[in-house]
Amino acid sequence: MTPPSTDLKYVKGIVTTRRQLSAELWVIRLKPESKVTFNPGQYATLGLPAGENQKMIERPYSIASSPYEEELEFYLELVPHGKLTPHLHQVPVGGEILIRRSTKGAFLFDVKSGHPNHFMVATVTGAAPYIAMLRRFICDVREGHAPPRRMLVLHAGSVGEELGYIDE
């Protein structure tokens, strides 16, 4: 699958790992062919050509990885009759997914307040932007680029396998 050569809005991402949490939930890591820059809390638009006419189907997904990582991580939920997730669910390790080069979103960590305590609440895949924020924060503190803060993420779900980042 290759985007049209005149279309510069996509970058190819190769699935490097896939962690299946349940029949409907999985975490994938994509290695983009060129750097995709983002701030924790932003989302990337993923896409695949699908259907008889191979029309591009796209949807936005929050990024769970730190911007310091070379790969992009996504926490995904299968929507059985959805336009894109049934196709994404079928992409194996080594397969390709297209990523829009530009990331978007204003759901960013509040550094301006200067407050040292942060309490974040999410259910299931909604934890992805908080995971990205925590991962960046941990790297920044280790490197001496950020003052220590206390951050608590309350990650909730109906069953244990919905807690995709419980070990972390």
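Small disclaimer: the values here were computed from a predicted structure and weren't measured.

Draft legend 1. Here's a closer look at the layout of surface pockets. Taken as a whole, the largest pocket holds about 270 Å³ of empty space. Around the largest pocket, the lining is made up of 14 residues, and of these Pro 40, Phe 109, Val 111, Arg 136 and Asp 140 lie nearest the centre. Looking at the lining of the largest pocket, the element that brings in the most residues is helix α2 (residues 128-142), giving 4 residues. Class assignment of the residues belonging to the lining of the largest pocket gives a composition of 9 nonpolar, 2 polar and 3 charged.

Draft legend 2. Quick peek at the sheet that holds strand β5 (residues 72-77). Reading across the sheet, the 6 strands line up as β4-β3-β6-β1-β2-β5 and stay open at both edges, with antiparallel pairing between neighbours. Of all strands in the sheet, those bounded by a partner on one side alone are β4 (55-62) and β5. Recorded for the sheet is a direction-independent mean angle of 40° between the axes of neighbouring strands. Of the pairings in the sheet, the one linking strand β3 (residues 43-50) to strand β6 (residues 96-100) comprises 2 bridges and is antiparallel in character. Bridge pairing in β6 places Gly 47 opposite Leu 98.

Draft legend 3. Up close: a nonpolar patch on the surface. A cluster of nonpolar residues, Phe 119, Val 121, Leu 152 and Leu 154, forms a patch on the protein surface that exposes about 400 Å² of accessible area. Breaking the nonpolar patch down by element, the ones donating at least two residues are β7 (117-123) and β8 (150-156). On the secondary structure map, Phe 119 appears in strand β7.

Draft legend 4. Looking closely at the side chain of Glu 162. Here Glu 162 is to be found in the segment after β8. Nearest to the buried, unbridged Glu 162 among oppositely charged side chains is Arg 19, at 14 Å. Here the side chain of Glu 162 touches Ser 158 through a polar contact of 2.5 Å, landing on its backbone nitrogen. Among residues more than four places away in sequence, those in contact with Glu 162 are Leu 25, Tyr 75, Val 124, His 155 and Gly 157.

Criteria and cut-off values
- Residues numbered from 1 in each chain as written.
- Predicted model: local features only at pLDDT ≥ 70, side-chain atom pairs only at ≥ 80, totals over all residues.
- Heavy atoms only, no water.
- 1 Å grid on protein atoms, 1.4 Å probe; cavity = no way out; pocket = protein on both sides within 12 Å on 5 of 7 lines; lining within 4 Å.
- Points joined across faces, edges and corners; volume = space filled by probe spheres on them.
- Helix = DSSP H or I, 4+ residues; strand = E, 2+ residues; numbered from the N terminus.
- Nonpolar A, V, L, I, M, F, W, Y, C, P; charged D, E, K, R; others polar.
- Pairing = 2+ DSSP bridges.
- Axes fitted to C-alpha atoms, helices over the stretch in contact; angles between N-to-C directions.
- Patch = residues over 30% accessible without salt bridge, like charges linked within 9 Å, V, L, I, M, F, W, Y side chains within 5 Å.
- Areas by Shrake-Rupley, 256 points an atom, 1.4 Å probe, with all protein chains shown as cover.
- Salt bridge = Lys/Arg side-chain N within 4 Å of Asp/Glu carboxyl O.
- Buried < 20%, exposed > 50% of the residue type's maximum accessible area, 1.4 Å probe, protein only.
- Lys, Arg positive; Asp, Glu negative; His and termini not counted.
- Polar contact = N/O pair within 3.5 Å; in protein donor to acceptor, adjacent residues only side chain to side chain.
- Contact = heavy atoms within 4.5 Å.

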